[in-house]
Structure formats: C-alpha cells, structure tokens
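Chain by chain, the residues:
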Amino acid sequence: MTVQDGHHGAEVAERTEKRWAMISIIIIVMLVLLAAFAGIHQATMPQARVETTDPARLHLSGEFVESNLGTAAEADGTVTVRAIGQQYSFTPSCILVPAQTPVTLRATSADVVHGILIQGTNVNTMLVPGYVSEQFMRFEKTGDHLMPCQEFCSFGHEGMWGKVKVIDKTEFASRAKNRGRLSCVGE
Amino acid sequence: MLVNRKLILAHFWLAFGGFGLALLLGAWQMFVRSPLYAWISNPEWYYRSLTAHGTVMGYVFPTLVAMGFGYAITESALQQRLVGVRWAWAGFWLIVLGAVMAMVPVALGRASVLYTFYPPLIGNAFYYVGVVLVVVGSWIWVALMSINLRVWRREHPGEPVPLAMFANVAGSYLWAWTAVGAALELLLQIIPVALGWKTTIDAGLARVFFSWTLHAIVYFWLMPTYIAYYTIVPRAIGGRLYSDSMGRIAFILFLIVAMPIGIHHTFADPQVGAGFKFIHSAFTALVALPTLLTVFTICASVEIAGRLRGGRGLFGWIAVLPWKNPIMLAVAFSFVLLGFGGAGGLINMSYQLDTTVHNTQWITGHFHLIFGGAIVIMYFAIAYDLWPHLTGRALPDLRLARAQLWLWFVGMIVTTFPWHWVGILGMPRRMAYYDYADPAISPQAFSVTLSAIGAIILLISGLLFLFILATAHRQTATEAGAYRFSVAVHPPTTVPIALNTFALWVALMIGLTVTNYGYPIAVLASRPDTSVPAVYVGAQ
C-alpha cells in the first residue's frame, strides 16, 4: 500500500474499510449464533423464573426452614438440594449429592449478597437476599469439591467456604432410605 | 493553544497522585493475600484497602484523566479558549471534596463495602455522598464540553468538528448517561438507608441499577485511550490517520451500545429473567464492533507511518517504525493487552462460558488487563505527549519513559495471566487470605505468587512514571509549539450531518437503555416483596 492522494485513493481506502467492517460484523453474528446455539442445546441456561422469599422469615416457615435444608431424594429419582448462605457460612456447610443424577440446587441468602461456586464445575450462582436461586447440576464423578462464597459479604468473607461431597449413586440411595434431609456435615 | 495549563495540570496531577496511592494499596493487597506473607491478622484492613483501591481507580483517577484531557482537547483542537473556566475549577474542587469525603470513612473502616456497594451491606453515608460529589463534579465537565462545542459551532457553521473533540464530547455524553444507573441506586436506594431514613432495601434492583453503570463505565475509561489511538498516535509516529469517518463511526457506536449490555454482569443473579440475559449477551457481542474497526484503522495508520519511513514488503514496515518513541511503544503494548483482554471479554459475554469463571479471579484478571493494561498504558502516553506543552519543558530522558512502559507491560502480563489461570481453577475474588495449606488450594499458590511479583513490577513502573512527570517540571524551558492532532490521509472537508452531530445518537443511546433496562427495572421496582433488611458495616 502506498499513500495515495486524490479521488482514487479515497475510493480504495473506503472499499478496504467496508470489507473489514463486513468481516467484523460476520465475526460478531457468528459469536451471537454460537451463544444462542449453546444456550438452546446445552443444559446450562439461566434460571427461567424470578422467585422471591423473605430473608427475615426463612427460619420460621417455608422451604428454607432449618429442618428442610440439605439434600432430599425426590420420588422421580432426582435430587433437590436446599441451602442458605449467611455471614459467614453455608447451611449445610457440606452438601451431599449422588453421582450421575440430576440435581436441583435451590438456595438463598439470609442476610447480604453471597455466591455459590463449586470448584471444578461450572455451578456458579449469586445468592441475593429476597430471591431464590435455582441451578440444575449433574456430577459425573464421585469426589470432594470446595464451595467458596464468591461475593464479598463483609469482613468474614475469606472464611466462608463450604464443601460438596459427591458419592456413589447406590450408597446415596441407601442413606436416603429414611426420607430425611441428608448432608455430610462432620464427615 | 493551551491557555488553561494550570487547570489541566491540576487534573492530571490529582489523577496520577491518586493513581500512585491506589497502586500502592493494590500491590500491598496482592502481597498479603499471596503465599509470600503469613495470614493477615485483621482481614478488615484488606477490605478497607480494597474499597479505597477500587473507588480511586474506578471513579476518581480515570474521570480526572478524561476531564483534564477533555479541557486540553477543547483548547487545542477547537483552537479557542475554554469557556467556563470558573465552572471547571468548581468541578475540580467538588471532586477533591468528594474524594476526601469518601476516603475518610473508608480509612476509618466505616465503609468497607467495596466500590461496587452491593447492598444490603451499608457503610457510612459520607462515603456514598462523597462518590456522588465526584460524579457531580464530573457532570460539570460534561456540560462544559457541550457548551464549548456549541460556541465553536456558532463560529464555524457547517464545518466538520475535529475528530478529537467529536470523540471527547461523545465520551462525556456516554459518562453522563452511564453514571445515571449508579446515581439512581445511590440516591433512591442506598443513601436513604445509610442516613437511617429507611431500614430495608431491594438488593436485586440495586444490582441491576449498578450494572447499568458498571459496564459502560469501562468505555468511559476507554475513551481517552481511543482518542489517543486516533488523534495522537498517527501524528506522534509521523503517519496519517487512515480514516476520519471510521473514527467517528467507532465513537458513535460506543455511545449507543455501551449501555444496554450491563446485565451480563448479572448473568448469575436470580432477580433477572433469562430473556433479558440473552438480549444483553447479544448486545455485548455488538460492542466488539467499534473495537474491531479501531484495530483496523489504527493498524492501517501505523502502516502508513512505516511506509512513509521507507518500509517495504508485507512486514518490513513494522521494523522501521519509530520504536524509540514512547508513543509507538505504548500503542503496541496497549494493542497486545487489548487483544488478550478483549478475547477474555468475548468469553465472559457468553452465559455458558461465564458460569465457569463468574466472580472468580479470572474476572479480576480480565478487567485489570483491560483497564490497567490497554487503557492506563495510553494514559501514560497521553501524559508523556502533553507534558512538554503543559510545562513548557521537555521530558527528562526518553530512555526512562521507555523503561517505564516496558516495566508496565511486563508487569501487567506477569500479574494478570496467572490471575486468569487461578480463576479457571475456581479461586474466588475479594478474599483477604487463602489457606494454601489446603490440598485443594495449594496448586494455586505458585500462580498467586507470580501475580504478586507482577504487582511489585507494576508498582515500580508507576512510581517511575510519577518520577518522570515530576522531574519534567525542573527541566530547562523549551518551546513545544502548538499542540496538534493527527491529520487524516483524506482530511474531511464536509462530513454527513449524522457524523458531525449527536442528537440522533444520544436519542438512540437513551432509547436503547430504556428498552433494555426499562422492563427489568420496572418489574423489580413494582414488586412489593423484594426489600430486605439493611446490614450496616462497621457499626459494631
């Protein structure tokens, strides 16, 4: 390319520019289509509904009362985990789930904004007081994962770490026989 | 024709002084939470420091750079004296007052809520009022930019507005509108609670308001950098700007699409529905367009400089570029870091990929790479380029400036690359310490140590930068001549009215924000059951 003056040079410059602009637009459209395709065909989708709950009354009634927290085996073979975050711990602090099973995580915060992040997975959600967070997960392998709070929640934030223990499906089934709420706290 | 040099220097010095202090805090934070240091005895100090670091780096430093640079552009590109100098000083002193008012409660540990506020955590009211004053001070600047352009237009009817000023005014409008999100959150939600008039707050709505500001503010930070790419770099390296109109289009695109994309910051939030998350994700992809256009135009402009210097062949023009010129070095470094940072941004923009990195150290690494890397390195370049015109003295030694830029570039890579990596490993953000003895965390120890070393390199570079600027004031006087901006290969003689005015684009900016934010905000604001009790920080 040489620096050209006059009408011809301006035309060449404009043509080149337009070509590049087209390439840029194609790149962007491709990215959006890719994201849309992944969204439709993969399991990771944002939660569809906005649900609210009163953090001041969590302990009194409703699904987040203490006796209902932990892992519940549902009649259809899936599993539901209910948990809350509060300054500076999760309840239950160790979440027990079976491998190779669809798991629904339902969680909320009792005070400020917290977050749940399960290391080694893409399970990652905010806990905003007043709202219920729902995530669908599935763990292929047994093992332990750390579960830190991922949002600053005041001076004890650095100490807010939970754990997720993934155990064998049959072992989980035998422990779930009495239909209680399971956790791995103290194990 | 830089008349109000004192005003511009005051803005730059306050900006860079604050930057130096915040950089010191940042380096200290990197050090104490790394394996190089035993556990911090009082984690609360860490969050104090983090609040100060974020507030100064996010709100005070870039705002002052944009303002000082904006005044310099007004006087030199429009070649007219700044109208409203007293107001400009009033804006400056409001920022000083606001910054001090905000930092006192932070220093006392009464407002360790971090610069993102995130209620229902509530700190001392003076902190929030101080931040509001900083924003109000900057809004005076926005008004002055608009007024000065109007004065110029009256005397030059129909002439194309110089690109530097066109971009500068676009940046000021972008800031005025993006600050509205956080302003609504502060004035309607947080400050009434901080003052004790109310005791409950909708934490979800607050996060949506804040996301309106939080993403577009990055493009406000970016504006001086992009203005420097288009209007300083080609002139400083002896080239020409490839296309004046493409520059205008890029700045207009930033104005329109920077705002209606912020909900990607709330991908993992329960209070926003899936539909608006997808819309904002798609719009976020769109914001890559002005950057892709800019990369082309600036590379082409730099190539022109290389060819004019006798460079031949496909890549021969690169070798002959004036690499000893700090501006050349800065733009090259900035582009490399922008490339990596931009690629990371494209990852964050997708809901599916974001779930693996959301609120991990990846995100901190990402925005330090974009802001500290691509953006701030051009702030250095702007200062080096303007300083002789402001002080009437040449820079002491270009070797020092080059060393400073190299240190910053290397420091940024050493800091942010391992930072991204530990984010992929799942290390959460904003923690005062980590238990590296835990077998699940110990693999991250080496990367965190590297990052901390990078932070020390950055600190040395930042101090060197301040040293260069300070010693420049004591050099022998020289005549730097008029401050000029790049000339386009085909300088515009007439410009379509759409590329010379803002009315249509500002209307589109507001309209798109209303369509993309109006519904989520209206739904949350009208729900009666979403307010939760405030949790006061530092009140114990």
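Our structure's up above, just so we're on the same page.
Since the model is a prediction, treat every value here as computed from it, not as a measurement.

Asks: Describe the packing of aromatic side chains, naming the residues involved and giving the relevant values.
Replies: All names here are of chain B. The final tally for this structure, using the stated rule, is 47 aromatic pairs over all chains. Judged by centre distance (4.8 Å) and plane angle (85 degrees), the ring pair of Phe16 and Phe465 falls under edge-to-face. Residue Phe16 is found in helix H1 (residues 5-32), and its partner Phe465 is found in helix H16 (residues 445-472); the two are separated by 449 residues along the sequence. Classification of Phe16 by relative accessible area gives buried; the value is 0%. Across the ring face of Tyr118, the terminal group of Arg207 is positioned such that the distance to the ring centre comes to 4.5 Å.

Asks: Describe in detail the state of the cysteines, supporting the description with residues and values.
Replies: All names here are of chain A. Tallied over the entire structure, the rule returns one disulfide over all chains. The disulfide that involves Cys94 links it to Cys184, with 2.0 Å between the sulfurs. Disulfide Cys94-Cys184: the torsion about the S-S bond is -90 degrees, which places it as left-handed. Highlighted residues: Cys94 in strand E5 (residues 94-98) and Cys184 in the segment after helix H2 (169-175), separated in sequence by 90 residues. The pair formed by Cys94 and Cys184 is uniform in burial state, with each residue classed as buried. Residue Cys149 stays outside any disulfide, its sulfur separated by 4.0 Å from that of Cys153, the closest cysteine.

Asks: Outline the sheet that holds E5 of chain A, listing residues and values.
Replies: Either a parallel or an antiparallel arrangement is found when strands of a sheet pair, and the pairing is made through backbone hydrogen bonds. All names here are of chain A. The mixed open sheet is built from three strands, whose spatial order is E5-E11-E10. Two strands in the sheet have a free side with no partner beyond their single neighbour: E5 and strand E10 (143-148). Averaged over all pairs of adjacent strands, the angle between their axes in this sheet comes to 25 degrees, without regard to strand direction. One ladder, built from six bridges, connects E10 with strand E11 (residues 161-167); its direction is antiparallel. By the bridge assignment for E11, His145 is matched with Val164.

Asks: Can you tell me about the pairing of strand E3 (residues 79-86) of chain A, naming the residues and giving the values?
Replies: All names here are of chain A. Where burial is concerned, most of E3 is hidden: eight out of the eight residues are buried. Burial of the side chains of E3 extends over both faces: Val79, Val81, Ala83 and Gly85 are buried on one face and Thr80, Arg82, Ile84 and Gln86 on the other. Direction of pairing for strand E2 (residues 70-73) relative to E3: antiparallel, over a ladder of four bridges. Bridging from a neighbouring strand, Ala72 pairs with Thr80 of E3. The turn joining E2 and E3, which pair antiparallel and follow one another in sequence, is formed by five residues; a positive phi near 90 degrees is taken by Gly77. Both E3 and strand E6 (residues 103-109) contribute to a ladder of seven bridges, which runs parallel. Bridge assignment links Thr80 to a residue of E6, and that residue is Thr104. Examined bridge by bridge, E3 and strand E4 (residues 89-91) share three bridges and lie antiparallel to one another. Pairing of Gly85 across the sheet is with Phe90, part of E4. Following E3, the chain reverses through two residues before pairing antiparallel with E4.

Asks: Which residues make up unusual backbone geometry, and what are the values?
Replies: A cis geometry characterises the amide bond from Thr91 of chain A onward to Pro92 of chain A, with omega recorded as -5 degrees. Looking at where Pro92 of chain A falls in the secondary structure, it is placed in the loop between E4 and E5. With an omega of 15 degrees, the peptide bond running from Pro119 of chain B to Pro120 of chain B counts as cis. At Asn359 of chain B, a residue that is not glycine, the phi angle is positive and equals roughly 55 degrees. Position of Asn359 of chain B relative to the elements: it lies in the loop between helix H13 (351-357) and helix H14 (361-391).

Asks: I'd like a description of a nonpolar patch on the surface, backed by residues and values.
Replies: Together, Met22, Ile25, Ile26, Val29, Met30 and Leu33 of chain A give the surface a local cluster of nonpolar side chains, amounting to about 570 Å² of exposed area. Mapped onto the elements, Val29 of chain A comes out in helix H1 (residues 6-41).

Asks: So what's going on with the packing of helix H12 (residues 326-348) of chain B against H14 of chain B? Residues and values would help.
Replies: Residues and elements named next belong to chain B. Contact geometry of H12 with H14 gives a least axis separation of 9 Å together with a crossing angle of 160 degrees. Considering the angle they form, H12 stands roughly antiparallel to H14. In the packing of H12 onto H14, the handedness of the crossing is left-handed. Counted by class, the contact of H12 with H14 contains 18 nonpolar, eight polar and one charged residues.

Asks: Report on the environment of Leu24 of chain B, specifying residues and quantitative values.
Replies: Residues and elements named next belong to chain B. Along the chain, Leu24 falls in helix H1. Given the relative accessible area of 46%, Leu24 is considered partly exposed. As for Leu24 and Ser350, which are separated by 326 residues in sequence, their C-alpha atoms are 34 Å apart.

Asks: Can you lay out the pairing of strand E7 (residues 114-117) of chain A for me, pointing to particular residues and giving the numbers?
Replies: All names here are of chain A. Residues His114 and Ile116 line one face of E7 and the alternating positions Gly115 and Leu117 line the opposite face, and both faces are buried. As paired strands, E7 and strand E8 (residues 124-127) are joined by four bridges and run antiparallel to one another. Bridge pairing in E8 places Ile116 opposite Thr125. Where E7 hands over to E8, the hairpin turn is made up of six residues, of which Gly120 adopts a positive phi near 80 degrees.

Asks: Can you tell me about the interface of chain B and chain A, naming the residues and giving the values?
Replies: Interface size is commonly expressed as the accessible area that is lost once the parts come together. Tallying the contact residues gives 76 residues for chain B and 62 residues for chain A. Carbon and sulfur atoms make up 69% of the area that chain B and chain A hide from each other, which totals about 5,600 Å². For chain B, the biggest contributors to the area lost against chain A are Pro270, Gln352 and His490 of chain B; these three give 12% of the whole. The interface formed by chain B and chain A contains one salt bridge.

Cut-offs used in this document
Residues numbered from 1 in each chain as written. Chains lettered and ligands numbered in written order. Predicted model: local features only at pLDDT ≥ 70, side-chain atom pairs only at ≥ 80, totals over all residues. Heavy atoms only, no water. Phe/Tyr/Trp six-rings, centres within 6.5 Å; stacked < 30°, edge-to-face > 60°. Helix = DSSP H or I, 4+ residues; strand = E, 2+ residues; numbered from the N terminus. Buried < 20%, exposed > 50% of the residue type's maximum accessible area, 1.4 Å probe, protein only. Lys NZ or Arg CZ within 6 Å of the ring centre and 35° of its normal. Disulfide = S-S within 2.5 Å. Pairing = 2+ DSSP bridges. Axes fitted to C-alpha atoms, helices over the stretch in contact; angles between N-to-C directions. Patch = residues over 30% accessible without salt bridge, like charges linked within 9 Å, V, L, I, M, F, W, Y side chains within 5 Å. Areas by Shrake-Rupley, 256 points an atom, 1.4 Å probe, with all protein chains shown as cover. Salt bridge = Lys/Arg side-chain N within 4 Å of Asp/Glu carboxyl O. Parallel < 35°, antiparallel > 145°, perpendicular 65-115°, else oblique. Left-handed = near helix turned anticlockwise from the far one by under 90°. Nonpolar A, V, L, I, M, F, W, Y, C, P; charged D, E, K, R; others polar. Contact = heavy atoms within 4.5 Å. Buried area = accessible area lost by both parts, 1.4 Å probe.

Purely geometric numbers; function is a separate question.
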